Amino acid sequence: MRSPFKAWKSSLVYRVTGTIVVLSMILIGLLGSALYSRVSAGIFDEKLKLSILDAQSTARNTQIQLSYSKYRDKAALTFVFSDILALPPKTYESAAKEIAVFSFENINKMFRFNGASNSLDLKSISKKFREETQKSKETQWERTKLRYLDGKSESAIVVGNNLVISGVGKYEFYVIFSLAQQERTMALILNYLWLTGIALTLLIGLTTFFVMRRLIAPIQDAARVAEELTTGNLDLRMDIHGEDEIASLGYSFNEMAVSLQQQISRLENLSKLQQRFVSDVSHELRTPLTTIRMASQVIYASRENFEPTVARSAELLISQIERFESLLTDLLEVSRFDAQAAILEIEAIDIVILVKETIDYVHPSQDRIINLKAPNSPVLVDVDPRRIKRIIRNLISNAIDHREGKDIDVRISETENEVSIGVRDYGSGFNFSDKKLLFERFWRADSSRARTTGGTGLGLSIALEDAKLHQGEIDVWGERDKGAHFVLTIPKFAGGSIESKPITAQLN
Amino acid sequence: MTLIMVVDDDQDLAEMLGIVLTGAGYEVDLVSRGDEVMPLFAAQNPDLVLLDVMLPGLNGVEVCKLIRENSMVPIVMLSAKGDKQDVVAGLEAGADDYMVKPFDPAELVARMKVRLRRSITEVNSELAIGNLKIDQIEHSIIRDGQVIALTRLEFDLLVALAKEPGRVFTREALLSEVWGYRPATDTRLVNVHIQRLRSKIEVNPEEPKVILTVRGVGYKAGVPGSSQ
């Protein structure tokens, strides 16, 4: 399972659905609370209106009841009040719940009476409200919380009036109406509102999710197909349903894939043709060349029996056949690079041994003109030894060709992941501005100068291609009459790349 | 006289090879089609076969396999392509050596000589490598009393390693000792033959005990008598 954060970041479906769910939650919340407060205000107002009417009529009746009685002492009064309190009036909706009576502060001590029906806590009626009731001639009301001596409580409306008993004094008279029924109704409404809200949100969320999924599916399909195409599975196409905008995306996409496939297969065919041609030319040219070569050697072997001019011709024939042969080999190698048909055959080898052997091969004579500076321990590298040998052979042959009698320095140096082989000569060198031209096919440093050895003019170009196959580089420094410095740098391990160079191409 | 069978469809090249080899003192038998090789081979019993890869009738690699079914005669392939697949296919079919056209005739003759040379019986005629016994007089390899059939080249390769037990041979060194090459030639030859040899003599070729690889350098002989 993906983490929610990641899902949010990477999926349009999750993001859109999430946003819509949050927005609809806010909207539904606002609407719901507005509705709730309107309904609850309406219910309360209705109840209040009835309660006030009810309380007023109860107060009037009580006033009349009190007026008929005679009060000689407190006992008589208490008796009447207890009677009133014992049987709270069950008028209208039997809504009046409790009654409370308080005598005014300034009343004669003997007529003082505070009491309430049932076991109502007298403090349920706030002091502030009582003062307002005392002062006013009008009916007063307040929303409050009833408390009973046994700990129960409930919401209620208290409606207050003043009663006057002539010859005795004033009393506050409170009729109390329970709001329990209304609260139950509101709670029920609230529950329904919550349920409706949650259901709506879920509905909106799920709908959005599935609609988005449906919309996104072709896009995901396109992405998947594109990915497959990239990895080379060119036969894959998008599924198309219907004729809407999404379908037209599919059609265009598939058309693109078809044209891509055609282009690629055309190029592949070209490349195959090229490789076939190279291979055929190779075979066709090599067989007659072998015959020519053998014939020339047979002729050459008996040159002593010929006239001098014929003998010399035999010598020229031999040397030019050799030159032709190496030119053919190099040309085939170059065309293999051009057809991108060159393949690395990686092996683990000690590059120090390889360089030593190459030096011995290129310059087998006893007088040492090549000084090798190399680490004492083996330097193991993963390379195609045939190609690396060819690069080094090329660089060293080049140096020998241009050394003008001076020694050549060959240096091997390594870092953790790279190895460099530098070949430095102190001979004729080249114009530094020609640096780039060096690696061009058939380019020669001085076209007027006689060639000293049988170089084909393709050597450095092939060396550079070989180095590139290894993710390597060849750096060059040179100056006219001061010599040249060629440095091959390759990663030690297959698949690596060059990050630093143990040797840089410069004066030394 | 030593008889060389030259199999090549190019008439001129075959004739030229005939001239060169006759000049070097060999008797030469020319064959131009791949499917003609086996009947003639059985009749003539040549001492060495020079075999072109591209042949009408039956290609060189197939011919090589047919010969190897019942003969250990030295086979040198002649290939017009230096491509890896061709070379390796030929070597895996059992060829001992190969030459890429255009080759130097002198080098061809030199290598043929190495392949034809009889191993000179030395004083130390019993050699051991890993758990193998090499009988140089009988020219055979014995493991646990069982004789293992090897081509002459494979025998030479094994003897070269066994003669100097401590030495690590680079592939170039093996090329010059066993094949008679000068250095800087193709070392794939060695890899393929070492693999073939291992498949014949090692109990488990994945975990060689007779011919050991020294990473980055080459090969050396396993300790004689070491159990596998």
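Residues numbered from 1 in each chain as written. Chains lettered and ligands numbered in written order. Predicted model: local features only at pLDDT ≥ 70, side-chain atom pairs only at ≥ 80, totals over all residues. Heavy atoms only, no water.

Peer 1: Would you take a moment to explain the interface of chain A and chain B for this structure?
Peer 2: One frequently used descriptor of interface size is the decrease in accessible area upon assembly of the parts. Listed per partner, the contact involves 27 residues of chain A and 30 residues of chain B. Counting each side, the surface lost to burial between chain A and chain B is near 2,700 Å², with a carbon and sulfur contribution of 59%. When the buried surface of chain A facing chain B is broken down by residue, His 283, Arg 286 and Met 294 of chain A rank first, second and third, together holding 21% of it. Notably, a salt bridge pairs Glu 172 of chain B with Lys 389 of chain A, separated by 2.9 Å at the nearest N-O pair. If you look at where chain A meets chain B, you find five residue pairs in polar contact (both at pLDDT 80 or more). Elements with a contribution of two residues or more to the side of chain A that touches chain B: α6 (245-301), α7 (308-338), β6 (347-350), α8 (351-362), β8 (380-383) and α9 (385-402) of chain A. No other element matches the 13 residues that α6 of chain A contributes to the side of chain A that touches chain B. Broken down by class, the residue content of the side of chain A that touches chain B amounts to nine nonpolar, seven polar and 11 charged. (Contact = heavy atoms within 4.5 Å. Buried area = accessible area lost by both parts, 1.4 Å probe. Salt bridge = Lys/Arg side-chain N within 4 Å of Asp/Glu carboxyl O. Polar contact = N/O pair within 3.5 Å; in protein donor to acceptor, adjacent residues only side chain to side chain. Helix = DSSP H or I, 4+ residues; strand = E, 2+ residues; numbered from the N terminus. Nonpolar A, V, L, I, M, F, W, Y, C, P; charged D, E, K, R; others polar.)

Peer 1: Looking at this model, I keep getting lost on the domain arrangement of chain B. Mind explaining?
Peer 2: Residue and element names in this part refer to chain B. Split into domains, chain B comes out as domain 1 (3-116) and domain 2 (126-221). Of the roughly 1,500 Å² buried at the junction of domain 1 and domain 2 (both faces included), carbon and sulfur atoms supply 52%. For the pair domain 1 and domain 2, the interface holds one salt bridge. For the salt bridge of Arg 115 with Asp 156, the shortest nitrogen-to-oxygen distance reads 3.5 Å. Joining domain 1 to domain 2, the criterion identifies seven residue pairs in polar contact (both at pLDDT 80 or more). Looking at the side of domain 1 that touches domain 2, the elements that each hand over two or more residues are α4 (84-92), β5 (97-100) and α5 (105-116). In terms of residue class, the side of domain 1 that touches domain 2 is built from nine nonpolar, two polar and seven charged. (Domains from an automatic or database assignment.)

Peer 1: I'm lost on the packing of helix α7 (residues 171-179) of chain B against helix α8 (residues 188-201) of chain B in this one. Help?
Peer 2: Between two packed helices, both the angle of their axes relative to each other and the distance between the axes serve to describe the pair. Residue and element names in this part refer to chain B. The interhelical angle for the contact between α7 and α8, taken along N-to-C directions, is 80 degrees, at an axis separation of 9 Å. When the axis of α7 is compared with that of α8, the two are roughly perpendicular. Taken together, the residues of α8 that come into contact with α7 (itself represented by Arg 171, Leu 174, Leu 175 and Trp 179) are Leu 189, Val 190, Asn 191 and His 193. When its residues are assigned to classes, the contact of α7 with α8 shows five nonpolar, two polar and one charged. (Axes fitted to C-alpha atoms, helices over the stretch in contact; angles between N-to-C directions. Parallel < 35°, antiparallel > 145°, perpendicular 65-115°, else oblique.)

Peer 1: Would you take a moment to explain the side chain of Ser 11 of chain A for this structure?
Peer 2: Residue and element names in this part refer to chain A. One can find Ser 11 in the loop between α1 (4-10) and α2 (12-67). Take Ser 11: its relative accessible area is 11%, and that puts it in the buried class. At 3.2 Å, the side chain of Ser 11 forms a polar contact with the backbone nitrogen of Val 13. (Buried < 20%, exposed > 50% of the residue type's maximum accessible area, 1.4 Å probe, protein only.)

Peer 1: Which parts of the structure should I look at to understand the pattern of salt bridges?
Peer 2: Side chains that carry opposite charge are capable of pairing whenever their charged atoms lie near each other. Residue and element names in this part refer to chain A. This structure, assessed with the given rule, holds 29 salt bridges over all chains. One salt bridge connects Asp 384 with Arg 387, and the closest N-O pair in it is separated by 3.2 Å. When its relative accessible area of 2% is taken as the criterion, Asp 384 is described as buried. We classify Arg 387 as buried; its relative accessible area is 2%.

Peer 1: Got a minute to help me understand the environment of Pro 105 of chain B in this structure?
Peer 2: Position of Pro 105 of chain B relative to the elements: it lies in helix α5. The buried category is assigned to Pro 105 of chain B, whose relative accessible area is 4%. Excluding anything up to four places from it in sequence, Pro 105 of chain B contacts Arg 293, Met 294 and Gln 297 of chain A together with Val 20 of chain B.

Peer 1: Can you walk me through a nonpolar patch on the surface in this structure?
Peer 2: A cluster of nonpolar side chains, Val 22, Leu 23, Ile 26 and Leu 30 of chain A, forms an exposed patch at the surface whose accessible area comes to about 400 Å². As for its position among the elements, Leu 23 of chain A is in helix α2. (Patch = residues over 30% accessible without salt bridge, like charges linked within 9 Å, V, L, I, M, F, W, Y side chains within 5 Å. Areas by Shrake-Rupley, 256 points an atom, 1.4 Å probe, with all protein chains shown as cover.)

Peer 1: Honestly, the pairing of strand β7 (residues 132-135) of chain B in this entry has me stumped. Any pointers?
Peer 2: If a strand is regular, its side chains alternate between the two faces of the sheet. Residues and elements named next belong to chain B. Pairing geometry for strand β6 (residues 126-129) and β7, over four bridges, is antiparallel. Paired with Glu 126 across the two strands is Asp 135, which belongs to β7. Alignment of β7 against strand β8 (residues 140-143), held across four bridges, turns out to be antiparallel. When the bridges of β8 are listed, Lys 133 appears paired with Ile 142. Here β7 folds back onto β8, and the loop between the two strands holds four residues, one of which, His 139, carries a positive phi near 60 degrees. (Pairing = 2+ DSSP bridges.)

Peer 1: So what exactly am I meant to see when it comes to the sheet that holds strand β10 (residues 169-170) of chain B here?
Peer 2: What holds strands together in a sheet is hydrogen bonding between their backbones, with the strands either parallel or antiparallel. Residues and elements named next belong to chain B. One open sheet accounts for three strands, arranged β10-β12-β11; its pairing is antiparallel. Single-partner strands in this sheet number two, and they are β10 and β11 (211-214). Across four bridges, β11 lies against strand β12 (residues 218-221) in antiparallel orientation. Across the sheet, residue Leu 212 finds its bridge partner in β12, namely Lys 220.

Peer 1: What is the right way to look at the sheet that holds β6 of chain B in this model?
Peer 2: Residue and element names in this part refer to chain B. The sheet built from four strands is open, its strands ordered β6-β7-β8-β9 with antiparallel pairing. Lying at the two open borders of the sheet, with one neighbouring strand each, are β6 and β9 (146-148). Sheet twist, expressed as the average angle between the axes of neighbouring strands with direction ignored, equals 30 degrees. Docked against the sheet, helix α6 (residues 152-163) engages β6, β7 and β8, running at close to 85 degrees with respect to β6.

Peer 1: Any chance you could explain the pairing of strand β11 (residues 473-479) of chain A here in plain terms?
Peer 2: All names here are of chain A. Most of β11 is tucked away: five of the seven residues are buried. With seven bridges connecting them, β11 and strand β12 (residues 483-491) associate as antiparallel partners. Looking at the pairing, Val 476 lines up with Phe 486 of β12. What sits between the antiparallel neighbours β11 and β12 is a turn of three residues, in which Asp 481 has the positive phi angle 65 degrees.

Peer 1: How should the side chain of Asp 475 of chain A be read in this particular structure?
Peer 2: Residues and elements named next belong to chain A. Note that Asp 475 resides in strand β11. A distance of 2.9 Å separates polar atoms of two side chains, one belonging to Asp 475 and the other to Lys 501. Not counting chain neighbours up to four residues away, the residues in contact with Asp 475 comprise His 485, Phe 486, Val 487, Lys 501 and Ala 505.

Peer 1: Just to check I follow, could you spell out the confidence of the model for chain B for this structure?
Peer 2: Atom-level detail of predicted coordinates should not be read off regions where pLDDT is low. Residue and element names in this part refer to chain B. Across chain B, pLDDT averages 83, with 90% of residues at or above 70. When mean pLDDT is taken per element in chain B, strand β1 (residues 3-7) scores highest with 94 and β6 scores lowest with 77. Across residues 119-123 the pLDDT falls below 50, and counting only partners more than four positions away or on other chains, this stretch makes four contacts in the model. (pLDDT = per-residue confidence, 0-100.)

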